[in-house]
Amino acid sequence: MRLLPAVTTLLFGASATLPAQSATTTRPVGKPGAARATPAYEVTIRWTSYGIPHVKANDVGSLGFGFAYATMTDAACTIARDMLMVRGELSQTFGPDSGHRESDVFHRALLTDSAVNAFRATQSASAHRSTAGYVAGYNRYLKDHAATLSPRCKGAAWVRPVTVDDVIRLHMSFGIRYGVGRFMKEMATAAPPSDRKAAGSGDDAVQTDFDAPDGLGSNAVAMGREVTTTGRGLLLGNPHYPWQGSSRFHLIHTTIPGQLDVMGVSLYSTNGVIIGFNKDIAWTHTVSTGTRSTLYALALDPNDPTRYRYGTAWRALRRVTVRVPLMSANGAASTESRTVWMSHYGPVVMSEQLPWTTTRAFAIRDVNLANDRATATYDALGRARTIADVDAAISLGGVAFTNTIAADREGTAYYADVSTVPNIDAAMLTACRVQAPGIPAAIIVLNGADPACEWKQDKASAVAGAMPPSAMPRLRRTDVVSNANDSYWLTNPAAPIEGFSPIIGGERTARSLRTRAGLQFIAEATANGRKVSAEQLQAMLYSHRNYGAELLLNDVLALCAAPIAPVTTPNGSVDLSAACSALTAWDRRETIDSRGAQVWREFWAFASRNPNAWTVPFDAADAAHTPRGLATDNPTVKEGLRRALAQAQQRLAQAGVAPDATLGSVQYEMRQGERIPIPGGAGGTGMWSVITTELKPGGYSPIIHGNSYIQVVGWKADGTVDPRGILTYSQHEDPNTEHGGDLTRLYSKGEMIRLPFAEADIVADRNLRVVRLKQ
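Along each chain, the written sequence defines residue order, and numbers are assigned to residues from 1. At least 70 in pLDDT is required for a residue's local features to be given in this predicted model, at least 80 for side-chain atom pairs to be given and counted, and no such filter applies to totals for whole chains, interfaces and linings, which use all residues. Only hydrogens and water are removed before side-chain values are computed, so all heavy atoms of the structure are retained for them.

Bringing the overall build of the chain into the picture now. Each helix is a run of DSSP H or I of at least 4 residues and each strand a run of E of at least 2, with the numbering of both proceeding from the N terminus. Counting its regular elements, the chain contains 20 helices and 34 strands. We take the radius of gyration over the C-alpha atoms and set the globule estimate at 2.2 Å times the residue count to the 0.38 power. Taking 2.2 N^0.38 as the reference for a compact globule, 775 residues should give roughly 28 Å; the C-alpha atoms of the chain span a radius of gyration of 27 Å, in line with that estimate. C-alpha atoms of the chain, sized along the principal axes, occupy 95 × 75 × 55 Å. Think of it in three bands: residues with accessible area under 20% of the maximum for their type are buried, residues over 50% are exposed, and the middle band is partly exposed, with areas taken using a 1.4 Å probe on protein chains only. A total of 775 residues make up the chain; the buried ones form 58% of that total. Here, two residues are considered to be in contact whenever any of their heavy atoms come within 4.5 Å of each other. In the chain, the proportion of contacts linking residues at least 24 apart, taken out of those at least 6 apart, comes to 69%. A gap of 4 Å separates the mean positions of the 76 positive and 69 negative side-chain charges of the chain. A residue counts as positive if it is Lys or Arg and as negative if it is Asp or Glu; His and the chain ends are not included. To locate a charge, take atom NZ for lysine, CZ for arginine, CG for aspartate or CD for glutamate.

Attention shifts here to the environment of G88. Here G88 shows up in the loop between α1 (60-87) and α2 (90-94). Given a relative accessible area of 0%, G88 falls into the buried group. Taking the C-alpha atoms as reference, G88 lies 6.9 Å from V105; in sequence the two are 17 residues apart.

Geometrically, a packed helix pair is captured by the angle between its two axes and the distance between the axes. Every axis corresponds to a line fitted to the C-alpha atoms, with the helix fit spanning only the stretch in contact, and the corresponding angles, defined between N-to-C directions, vary from 0 to 180 degrees. Packing of helix α9 (residues 374-383) against helix α10 (residues 387-394) leaves a shortest axis separation of 8 Å and a crossing angle of 175°. Comparing the axis directions of α9 and α10 gives the class roughly antiparallel. Contact with α9, carried on its side by T377, A380 and L381, involves V390, A393 and I394 of α10 and no other residues of that element. Here the nonpolar group is Ala, Val, Leu, Ile, Met, Phe, Trp, Tyr, Cys and Pro; Asp, Glu, Lys and Arg are the charged ones; every other residue, Gly included, is treated as polar. Across the contact of α9 with α10, the residue classes tally to five nonpolar, one polar and no charged. Convention used here: angles under 35 degrees read as roughly parallel, angles over 145 as roughly antiparallel, angles from 65 to 115 as roughly perpendicular, and any remaining angle as oblique.

Overall, the predicted model of the chain reaches an average pLDDT of 93, with 94% of residues at or above 70. One number per residue, pLDDT, summarises how confident the predictor is, and it ranges from 0 to 100. A low-confidence stretch, residues 12-33 stays under pLDDT 50, and its non-local contacts, those more than four residues away or across chains, total 35 contacts.

Here a Phe, Tyr or Trp ring, Trp counted by its six-membered ring, pairs with any other such ring whose centre lies within 6.5 Å, and the pair is stacked when the planes are under 30 degrees apart, edge-to-face when over 60, and tilted otherwise. This model, assessed by the stated rule, comprises 19 aromatic pairs. Centre to centre, the rings of Y241 and F249 are 5.2 Å apart; their planes meet at 35°, and the pair counts as tilted. Their ring planes at 85° and their centres at 5.9 Å tell us that F521 and W688 sit as a pair that is edge-to-face. Placement of F521 in helix α12 (residues 513-526) and of W688 in the loop between β28 (674-677) and β29 (691-696) is noted, with a sequence separation of 167 residues between them. For the pair F521 and W688, one class covers both residues: buried. Note that R309 overlies the ring of W314, its terminal NZ or CZ placed 4.3 Å from the centroid. Criterion for a charge above a ring: Arg CZ or Lys NZ at most 6 Å from the ring centre, at most 35 degrees from the ring normal.

Turning our eyes to something else, we now look at the nonpolar core. Each nonpolar core is a collection of buried residues, namely Ala, Val, Leu, Ile, Met, Phe, Trp, Tyr and Cys, held together in the definition by side-chain atoms within 4.5 Å. With 198 residues, the main nonpolar core has Y138, F249, W600 and F603 as its most contacted residues. Considering every element that reaches this core, the biggest residue donor is α1, with 17 residues. Listed in part, the 26 residues of the second largest apolar core include V180, F183, L295 and V340.

Quick look at the pattern of salt bridges now. Basic side-chain nitrogens of Lys or Arg form a salt bridge, by our definition, when they fall within 4 Å of a carboxyl oxygen of Asp or Glu. Considering all chains together, one arrives at 33 salt bridges under this definition. Close ionic contact of E89 with R160 constitutes a salt bridge, the shortest N to O distance being 2.5 Å. Taken as a pair, E89 in the loop between α1 and α2 and R160 in the loop between α5 (125-145) and α6 (164-176) lie far apart in primary sequence, 71 residues in all. On the basis of relative accessible area, E89 is assigned to the buried category, the value being 12%. Connected via shared salt-bridge partners are K279, D280, R385, R409 and E410.

We call two strands paired when DSSP finds no fewer than two bridges between them. Judged from the four bridges that link them, strand β27 (residues 668-671) and β28 form a sheet pairing that is antiparallel. Of the residues in β28, the one forming a bridge with R671 is E674. Between β27 and the antiparallel strand that follows it, β28, lie two residues; Q672 among them carries a positive phi value of about 50°.

Within the secondary structure layout, A510 lies in the loop between β22 (480-483) and α12. When the C-alpha positions of A510 and A558 are compared, they lie 26 Å apart, and in sequence the two are 48 residues distant.

Before going further, it helps to examine the environment of D633. With respect to the helices, strands and loops of the structure, D633 is situated in the loop between β26 (628-630) and α17 (635-655). Sequence spacing of D633 and L773 is 140 residues, and the spatial spacing of their C-alpha atoms is 71 Å.

On to the pairing of strand β12 (residues 304-310). Pairing between strand β11 (residues 293-301) and β12: two bridges, direction antiparallel. When the bridges of β12 are listed, L300 appears paired with Y308. The hairpin formed by β11 and β12 contains two residues between the paired strands. Both β12 and strand β13 (residues 313-316) contribute to a ladder of four bridges, which runs antiparallel. Among the inter-strand pairings, Y308 is bridged to a residue of β13, identified as R315. Linking β12 to β13, which pair antiparallel, is a turn of two residues; within it G311 sits at a positive phi near 70°.

Glancing now at helix α14 (residues 547-557). Residues lying three or four places apart along an α-helix face the same way, a consequence of the helix completing one turn every 3.6 residues. Listed as buried for α14 are Y547, G548, A549, L552, L553, V556 and L557. Buried residues along α14 cover an arc of 155° about the axis, so they all sit on one side. Check the buried side of α14 and you find it contacts α12, α15 (577-585), α16 (597-607), β25 (614-616), β26 and α17. Structurally, the start of α14 carries an N-cap: the backbone nitrogen of G548 is 3.0 Å from a side-chain oxygen of N546. What the arc describes is the spread of directions from the helix axis to the C-beta atoms. Throughout this description, a polar contact denotes any pair of N or O atoms lying within 3.5 Å of each other; where both atoms belong to protein, one of them has to be capable of donating a hydrogen while the other can accept it, and for residues adjacent in sequence the pair is counted only when both atoms sit in side chains.

Quick look at the state of the cysteines now. Note on terminology: pairs of cysteine sulfur atoms within 2.5 Å are recorded as disulfides. Overall, the coordinates contain three disulfides when judged by the stated rule. A sulfur-sulfur separation of 2.1 Å characterises the disulfide bridge that pairs C432 with C453. Across the S-S bond of C432 and C453 the torsion is about -90°, and the bridge reads as left-handed. Of this pair, C432 sits in helix α11 (residues 426-432) while C453 is found in the loop between β20 (445-447) and β21 (474-477), placing the two residues 21 residues apart along the sequence. Exposure class is identical for C432 and C453. Each is buried. The disulfide that involves C560 links it to C580, with 2.0 Å between the sulfurs. Judged by the sign of its S-S torsion, about -75°, the cystine formed by C560 and C580 is left-handed. Placement of C560 in the loop between α14 and β23 (567-569) and of C580 in helix α15 is noted, with a sequence separation of 20 residues between them. Taking the relative accessible area as the measure of exposure, C560 reaches 12% and is therefore buried.

Once that is clear, we can look at the packing of α14 against α16. Between α14 and α16, whose axes approach to 12 Å, the crossing angle comes to 80°. Classified by the angle their axes make, α14 and α16 are roughly perpendicular. Where α14 approaches α16, its residues G548, A549, L552, L553 and V556 are matched on the opposing element by W600, F603 and W604. Of the residues assigned to the contact of α14 with α16, the class counts are seven nonpolar, one polar and no charged.

Following this line, the structure appears as C-alpha cells:
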C-alpha cells in the first residue's frame, strides 16, 4: 500500500502540515466568521522524486509565484547573487576585484532605469502579471525559508527581497551575456587618449578574448515518422551547458488547466521553460553560429577624439557617468565614479587589439540589447501543438542565440536558425567590412562612418535591426534533422541548406568532428530502412563512442609498431610504450569503464594543431566524411604525431594519471563526499557525448560543462507522449544536499528517468510532497 503524501498549506505566512485526506480543504486564518480577502496568488507545488517540482495554478500570476518559489528551493543562493550582479552591486558586496568592478560598470551603464522602463512598456498584461507573481514568490520563499537556506548564503545580508525592476534587469542581461557582455572590461576601461595620458595609463591593460565563450554547445536530433518505430516524432535534446552557476538548468513542470501544460527545464536565471515538451510537441536548442554583435570602426576627429564622423558630419560621443558603490578590503564603503563612452551604435570598447587612438576607436552594437520578445516567444512555444506553431512561436523574435530543433506527435522533424542576428546581407558585408590589425578575420568590423553600413531595418522583424524570420534558414523533414553547433548547412546531408547571409553561418565548409559523429551515428541507425526507437536514440548518446578515434586511431597505432623509438621533447626523452599500450587496448569509447580514453584526449589536443595532417582533404560534396586519414607517410606529420603522443604521456604523468586507468577513476564529481564517476569526453576529440573539464593533479574534476539536461521525447503509437530524461548534475545548487547528487548517480550508471508528466505518474510517485501556497 502506497503512503499518502504529506500536504503543507501555507496561508499568508502561516503553515501547517496536514494529513493527505485533508488536502482539499484550506481553512481561513483568523477569528471564526471573519471575512478574509481573496488571495492574489494561489498555487499548488507537487515535488516528485529527485526534487522535480510540478507547479499548478489557475492564472499566470499565481504560476509565476509558484515558479519562483519552486526554483528558489534549489537555487536561492545562485539567483540572489545574479540579482546583485544585474543591480551592479557586486563590488559593494564582495569587493571590486575578480571582475566585479567591470561587471558593475557594465550593468549600471546599460541596464538603466530608462532601459528597464522601455522594456516594461513592450510587455503584455499577461507578462506583467507573471513577473509580479515571480517577484512575490521569490520574496515569499525568502520569508518562509531564511533559516534553512544553503550554507553558501544563509544569513547573508545580500540575500534580500527583489523588485520587478530587478527581474526585468535579470531578463535583459540574459540575452546580451554572449554579445556585448563579453566586452565588460573593454567597455569599463575605455577612455580617450587625453584622459589616459593624464592618468598615466595606456590601452594595453586589457586583452580581448575573441574566441567563442566556453561552456556553450549542444547536440540535437529530431526524427520524423519515416524513420521511427512508432511512426511519430522523436527528439533528442542534449545541451552542453555549465555545471556551475546561473546557466545551470532546473527541471520543472508548469500547468494552468485548460491553457498550458509544459515540462522541461528553465535556467536558474530564467522564469519559464526554455527546453521541453508538452503532449504534442517537443523542442530543444543548440547554440547557433549566428553573429549577435558587430564592431564599428569609428573615424575620429583628429582635433577631438571624442567626436566621430557619420556621413558628412561629426557626432559627439556621449559621456555616461556611472557611480559604483565599493567595499574595500577592510570593509570600508565608498563610491567610485567611472565614465562609459557611448556612440549611437553602442558603447566604445578599448583593449590592446581595439585601441582608442587620435584617429580611430571601436564601438559595439548588440542586437539582443533591444530584444524584448523572449517572454512571448517561450509562452507560445509551451502552448504549441504542431511544428507550424513552433515556427510561428520562434518567429516572434525572442530566441536570442540558438537554433531550434523540434518534433511533433504527427511525425514532423524540424530545424531552424531563427535566432536574433543583425540584418546584414552578403552585399553589405562586402561593401562595409573593415579589416583591422589584431582583430581575427571571423570578427565582423563595419565602417562606422558610412550611414549605409547601419543594420537594415525591416518591419517584419520584431527586434530593431534584426534579420526578419523569413530570411533565416529552416527545414522540415519526415526523416531526420540534427545540429551540433555547426551552421545550418548540413542539417540533413541529403538536403543541404544554402543561400543565406554569412552573418548566420558558413556554407560548404568543413564540419566539426562532433557534428560528423552525430551524422555517422544517425546514418548507421537508419541504414537500410531501419527504424529508430526512443531506447535506441538514448543509446546513441549513452554509448559514449569517440568518432575521432574510430576514424583515426588505426593511423596512430601504426606509429606504435615495434620497435617504438623514443621521442625527444623539451621535457626530456619519452618512451611511448605506455601510451601506445593504453591506446591499443582502448575500446574507443569514454564510458566510466573505458581504459586509455585520457591518452587520446591529451594526444588530440596537441595532434590537432599539426598543419596538413589529413590524407583526404575536405570535400564539400562529401562533407560528412572529410577530411579523413592522417598523413603518417609525411615525415613532418609523422614526427608531429609522435611528439603529440609523448606530450600526452608526459601531461598524464605530471598529473599522476595512469594511461590505462579507467576513465571513471580519474573523471568524477564530488557529491556528499562521494566521488561519482562521470562518462563522456571532449567534443573536439570526436566525442558526441560531451564532458569538458581540465586535467589537474589526480584527474579531471570538477566538470566544467557538457552533458547537462538530456531529454528523449517521443510518442507512442496511440499518440501519448513518452518522455524520459536526466539532469546530469542534479537539481540543487548545493552538491551536499539530497537533490544535489541523486540524478548524477543515475547518469553515472547510464540511466535516465521517466519524466513524470502525466497526472497519474505524479500522484503515484512514492516520494510525492505537496505544498499549497496562498498570498
